[in-house]
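Single-letter residue listing:
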Amino acid sequence: HEFKTTYPDNNYTVHVGHGIFNKVMKHYTSHYNEVFYIVDVTVYGHFRDGILKDIEDPILIDSGESAKTFQSFMNLTENLLEQGIKRSSLVVVIGGGAAGDAGGFAAAVTLRGVDFIQVPTTILAHDSAIGGKTAINSSHGKNLIGAFHRPSGVIYDLEFLSTLPESEIMSGFGEVFKHSLLNSKEAARSLMAKTAFGISIDAIEESIIDGIKTKMDYVSSDEFESGSRKFLNLGHTLGHAIEYQYKIPHGQAIILGLYAMMYISNKTAENEIFDLQKYHEYFSGLDYPVGLLGEMDIEQMIDLMRHDKKNIKNEAIGFVLIDESFSPYFTELNISTLENYLSGIKESI
Ligand code: NAD
Ligand code: ZN
């Protein structure tokens, strides 16, 4: 599959398929004199004798989130400069969302910006590799230092997903499920049916591809998040607070955030848009730690949501909900209303 973004200019293509990496890569690298490969060290370990065997002297970066520290980022940019990177070079970043964020940020700021290609290798990265947001972490919070920098292309070779550990499949699925909810009621329903007894890559492949299209639609129409791109935060307001508090993987926290979103959407609409009991059974059946919602400290959660970088006001918290026609909308909930909802959610668990 090939999908093109629909910005007014500087569009790029997202290539998705099995075993496409080397062929599509050749098409891009033929336009550049020097190509620098930045690869997550774990991913390189899995694929150095396979898909990645033709890559010479890649720059290996720390596995996962460690790549997003200041220290790792400094090593990475110094390394690129040491090896003589030029404005006219191409950077290719291979790894999950963390590698993509750190490598993408290096491409954004080294020499004030060089072209780069994203090669996502996790399920979650079907989301993070698209949209041009790049970042590293600060001691004040995640993703606080970054830039918008569009890739010149995204090559999503689904063969990479074959070595993903179970925990990463569960985490990545959180965003796949989110995209299905943003897509339509039917999309979410069919994804649930396909995963009723467990999540396999084969079963969700089609939904991953649909998720890519959904994400592309949102970011193409609102690159800098002044409007509808906000809808991609579905499940993320409480999700981020849970992720921070309980130190669980991002996508797992998002599943819990989506459950809370469903509860609040029902209450706000005064209608049963979501059958909560059904979702509760489904998520717990897949081993998501839904029980944490029954234990949460409401004041603590509210405090964390208030500090989310996307929240500007103090007396209300922005939420993306779903309405009766199954369309997402943005609203602000005042603190006391939210406290009531959160205690309702606790009781419903
Ligand atoms: P990740 O990049 O940390 O990867 C998770 C783990 O899986 C790491 O240990 C990694 O080494 C390993 N791994 C990666 N590919 C593998 C493979 N094919 N086989 C086996 N192991 C593999 O995590 P992630 O979940 O992909 O991404 C999370 C990051 O994405 C976070 O830092 C988050 O902030 C960021 N993110 C960015 C955006 C954006 O728009 N830029 C959106 C969502 C999330
Ligand atoms: Zn997310």
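Residues numbered from 1 in each chain as written. Chains lettered and ligands numbered in written order. Predicted model: local features only at pLDDT ≥ 70, side-chain atom pairs only at ≥ 80, totals over all residues.

1. Considering the sheet that holds strand β4 (residues 59-61)
Note on sheets: strands pair through backbone hydrogen bonds, and any given pair is parallel or antiparallel.
Step number 1: Overall, mixed pairing links the seven strands, which are arranged β1-β2-β9-β6-β5-β3-β4 in an open sheet. The open sheet has two free edges, formed respectively by β1 (2-4) and β4, since each of these has just one partner strand. The mean inter-strand angle of the sheet, taken between neighbouring strand axes irrespective of direction, is 15°.
Step number 2: Here strand β3 (residues 35-40) pairs with β4 via three bridges, running parallel. Considered in β4, the bridge of valine 39 is made with leucine 60.
Step number 3: The strands that helix α3 (residues 70-82) touches are β3 and β4; relative to β4, the one it contacts most, it runs at about 175°.
Step number 4: Helix α4 (residues 97-109) rests against β3, β4, β5 (90-95) and β6 (115-120) of the sheet, and its axis sits at about 165° to β5. (Pairing = 2+ DSSP bridges. Helix = DSSP H or I, 4+ residues; strand = E, 2+ residues; numbered from the N terminus. Axes fitted to C-alpha atoms, helices over the stretch in contact; angles between N-to-C directions. Contact = placed C-beta atoms within 7 Å.)

2. Here's the deal with the domain arrangement of the protein
Step number 1: Segmenting the protein into domains produces domain 1 (2-163) and domain 2 (166-348).
Step number 2: At the interface, 19 residues of domain 1 touch 23 residues of domain 2.
Step number 3: At the level of secondary structure, the elements contributing two or more residues to the side of domain 1 that touches domain 2 comprise β2 (13-17), α5 (125-128) and β8 (141-148).
Step number 4: Counting residues per element, the side of domain 1 that touches domain 2 draws most heavily on β8, at three residues.
Step number 5: Looking at the side of domain 1 that touches domain 2, its residues break down into eleven nonpolar, seven polar and one charged. (Domains from an automatic or database assignment. Nonpolar A, V, L, I, M, F, W, Y, C, P; charged D, E, K, R; others polar.)

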